[in-house]
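Listed here are the chains, written in short residue letters.
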Amino acid sequence: MNKSSIRSFGLAIFLVGAILALASRFDVNIGQPEKDSSHKVEELQNKLNQANQEIAALKKTVKQVHTTEETTTDSSEPSVKEDNNAVDTTMILQIYSGITPYIVAQKLEDGGIISNSVEMELLLANAKYARSLQIGSYEVNSSMSLEEIAKLITGKKQ
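Residues numbered from 1 in each chain as written. Predicted model: local features only at pLDDT ≥ 70, side-chain atom pairs only at ≥ 80, totals over all residues. Heavy atoms only, no water.

**Student:** Report on the pattern of salt bridges, specifying residues and quantitative values.
**Tutor:** Tallying each qualifying case throughout the model produces two salt bridges. Where Lys-47 meets Glu-43, a salt bridge forms, and the shortest distance between an N and an O atom there is 3.8 Å. Within this pair, Lys-47 and its partner Glu-43 are both found in helix H2 (residues 37-75), separated by four residues, close to a single helical turn. Overall, Lys-47 belongs to the partly exposed group, its relative accessible area being 48%. (Salt bridge = Lys/Arg side-chain N within 4 Å of Asp/Glu carboxyl O. Helix = DSSP H or I, 4+ residues; strand = E, 2+ residues; numbered from the N terminus. Buried < 20%, exposed > 50% of the residue type's maximum accessible area, 1.4 Å probe, protein only.)

**Student:** Hey, could you go over helix H5 (residues 117-125) for me, with residue numbers and the actual values?
**Tutor:** Residues of H5 that are buried: Ser-117, Met-120, Leu-123 and Leu-124. The arc enclosing the buried residues of H5, seen along the axis, measures out at 125 degrees, which places them on a common side. In this structure, H5 carries Leu-122 and Ala-125 as exposed residues pointing more than 90 degrees from its buried face. Where H5 is buried, its residues contact helix H4 (101-110) and helix H6 (146-154). (Arc of directions from axis to C-beta. Contact = heavy atoms within 4.5 Å.)

Rendered as structure tokens:
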């Protein structure tokens, strides 16, 4: 054997070792028996079926709770209103430069002062109050009417 064939053989052994090392690093099965992937597929399929059953049960529970709440709110609606009138919600409303009637109405609704932000937005867009929001901090509460709140934050006389 001459030197060149020994070198070629050595280089071939080195390349085969490098390929096998890379294959094991990247989890490629070269010349190795295949792993049992059908078992993994069955396991994942079972987990999927379980999750679907749980979702169906949760949807059913939500539907039952929703129908129960509807019947409860229909029968006890007057007492809820009495409770809301008994406890006034108060908040500090910050009016800053460039604020829109929509944002003011949303803040009031989020604070529990008013129940419908669209009504307040339409009132503030009215020609009587349009473009007259006054910058500042205002203490408002849920016992105030929409008209009272509008007059307060626009500086109009009451």
